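Structural features, examined
Below, each chain spelled out in residue letters.
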Amino acid sequence: MQDFICIAHRGASGHWPENTLLAFQKALAAGARWLELDVHLSADGELVVIHDAALERTTDGDGLVALQTYEQLRSLDAGRGEKIPLLADVLNLAAGRAIVNVELKGVGTGEPVAELLRRRFVAGLLKPAAVLASSLNEDELRKLAGLLPQVPLALVAKTANRHLWQLANELDVWSLHLKKGSINQDLLAEARAGKRKVLAYTVNDRPQLQRLRDWGVDGIFTDYPEHFCHA
Ligand code: G3P
Ligand code: MG
């Protein structure tokens, strides 16, 4: 049986500021072999790692990420004095240590993420198997897939419906990233029939994790890799 997949959601974000290098370092130190992050575009076209479209919740700034230059974003505190990282910073940190699930959050991220990954593949800095591109936004995922067909893909969804299954077949996704409460055994059987993995988000307690594992879920996203992701 393939190993259960345990993904540090926004890094070790339960105890450390989410989507910062500190949170990713802590996740790696805790033994996580997978990191998840969220990507937006800055006003000057840099790929920055932050979950929300707006700055208020996770930084001391305000307004939309997409309206600020990278230099402006860099001046903000993303928690404990950490900066908002670039996607490239996290890929550098994870190189040879963890697979990175890049969630395309911001509009317009599909193409530049494909371009950045392509450059790293060509330079021998990254292998397609060390990255998993996901999104709730099918257009962004489609753009990336069209430019970089060798990258494994995942669809993010709150619940599975007909459209999601059709899309999963069309894009031939490796996995479905589903809200934990929407997962049931019928859904898992359908995924298995289509050879798609099912990963549940966000799982932060042991009984829940055990139930999902018993059902045959392939993996989880957790804010506490310290508790759930060591071998
Ligand atoms: O990709 C799984 C999970 O990260 C999706 O939800 O809102 O935490 O990005 P969110
Ligand atoms: Mg995410």
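This text follows the structure it describes.
Description of the structure in this document. Keep in mind the model is a prediction, meaning the values are calculated, not measured. (Residues numbered from 1 in each chain as written. Chains lettered and ligands numbered in written order. Predicted model: local features only at pLDDT ≥ 70, side-chain atom pairs only at ≥ 80, totals over all residues. Heavy atoms only, no water.)

To continue, consider the nonpolar core. Counting residues in hydrophobic clusters, the biggest one holds 59 residues, and the most contacted among them are Leu 37, Leu 87, Val 102, Val 113, Leu 117 and Leu 155. For Leu 37, the contacting residues outside a window of four places in its chain are Asn 19, Phe 24, Val 49, Leu 87, Val 90, Val 100, Asn 101, Val 102 and Glu 103. By size, the runner-up hydrophobic cluster in this structure holds 10 residues, among which are Val 48, Val 65, Tyr 70 and Leu 86. (Core = buried A, V, L, I, M, F, W, Y, C linked by side-chain atoms within 4.5 Å. Buried < 20%, exposed > 50% of the residue type's maximum accessible area, 1.4 Å probe, protein only. Contact = heavy atoms within 4.5 Å.)

When a metal carries six donors in an octahedron, the ideal angles between them are 90 or 180 degrees, while four donors in a tetrahedron ideally lie at 109.5 degrees. Around the magnesium ion (ligand 2), the donor atoms from the protein are Glu 36 (OE), Asp 38 (OD) and Glu 103 (OE), and they sit 2.0 to 2.2 Å away. Positions of the donor residues of the magnesium ion (ligand 2) along the chain correspond to the pattern E-x1-D-x64-E. Of the two residues, Glu 36 and Asp 38, neither departs from the other in class, the shared state being buried. (Donors = N, O, S within 2.8 Å, 3.2 Å for Na, K, Ca; no water.)

Moving on, we come to the environment of Ala 88. Along the chain, Ala 88 falls in helix 3 (residues 87-94). In sequence terms Ala 88 and Phe 24 are 64 residues apart; their C-alpha atoms lie 13 Å from each other. With near-sequence residues (within four places) excluded, Ala 88 lies in contact with Leu 116 and Arg 120. (Helix = DSSP H or I, 4+ residues; strand = E, 2+ residues; numbered from the N terminus.)

Now for unusual backbone geometry. Note that the residue after Tyr 201, namely Thr 202, is joined by a cis bond; omega there is -20 degrees. Positionally, Thr 202 belongs in the loop between strand 8 (197-201) and helix 8 (206-215). Despite not being glycine, Arg 10 shows a phi value in the positive range, around 60 degrees. Mapped onto the elements, Arg 10 comes out in the loop between strand 1 (5-9) and helix 1 (21-29). On the accessibility criterion, Arg 10 (15% relative accessible area) is buried. The backbone phi angle of Arg 80 is positive, close to 50 degrees, even though this residue is not glycine. Tracing the backbone shows Arg 80 in the loop between helix 2 (70-74) and helix 3.

Now for helix 3. Taken residue by residue, helix 3 has Leu 87, Val 90, Leu 91, Leu 93 and Ala 94 as its buried positions. For helix 3, the arc enclosing every buried residue in end-on projection is 160 degrees, short of the 170-degree limit, so these residues lie on one face. In this fold, the buried residues of helix 3 make contact with helix 1, strand 2 (34-41), strand 3 (47-49), strand 4 (99-104) and helix 4 (110-122). Just past helix 3, the residue Gly 96 takes up positive phi, approximately 75 degrees. (Arc of directions from axis to C-beta.)

Here helix 1 crosses helix 3 at 20 degrees, and the two axes come no closer than 11 Å. One element, helix 1, and the other, helix 3, form an angle in the roughly parallel class. Considering only the axes of helix 1 and helix 3, their crossing is right-handed. Across the interface between the two elements, Leu 21, Phe 24, Gln 25 and Leu 28 of helix 1 pack against Asp 89, Val 90 and Leu 93 of helix 3. For the contact of helix 1 with helix 3, a count of residues per class yields 5 nonpolar, 1 polar and 1 charged. (Axes fitted to C-alpha atoms, helices over the stretch in contact; angles between N-to-C directions. Parallel < 35°, antiparallel > 145°, perpendicular 65-115°, else oblique. Left-handed = near helix turned anticlockwise from the far one by under 90°. Nonpolar A, V, L, I, M, F, W, Y, C, P; charged D, E, K, R; others polar.)

What follows covers helix 5 (residues 138-147). When helix 5 is considered as a whole, its buried residues turn out to be Glu 140, Leu 141, Leu 144 and Ala 145. Axial view of helix 5: buried residues confined to an arc of 130 degrees, hence all on one face. As for helix 5, its buried residues are in contact with strand 4, helix 4, strand 5 (131-135), strand 6 (153-157) and helix 6 (162-171). Where helix 5 begins, the capping side chain belongs to Asn 137, and its oxygen is found 3.0 Å from the backbone nitrogen of Asp 139. (Polar contact = N/O pair within 3.5 Å; in protein donor to acceptor, adjacent residues only side chain to side chain.)

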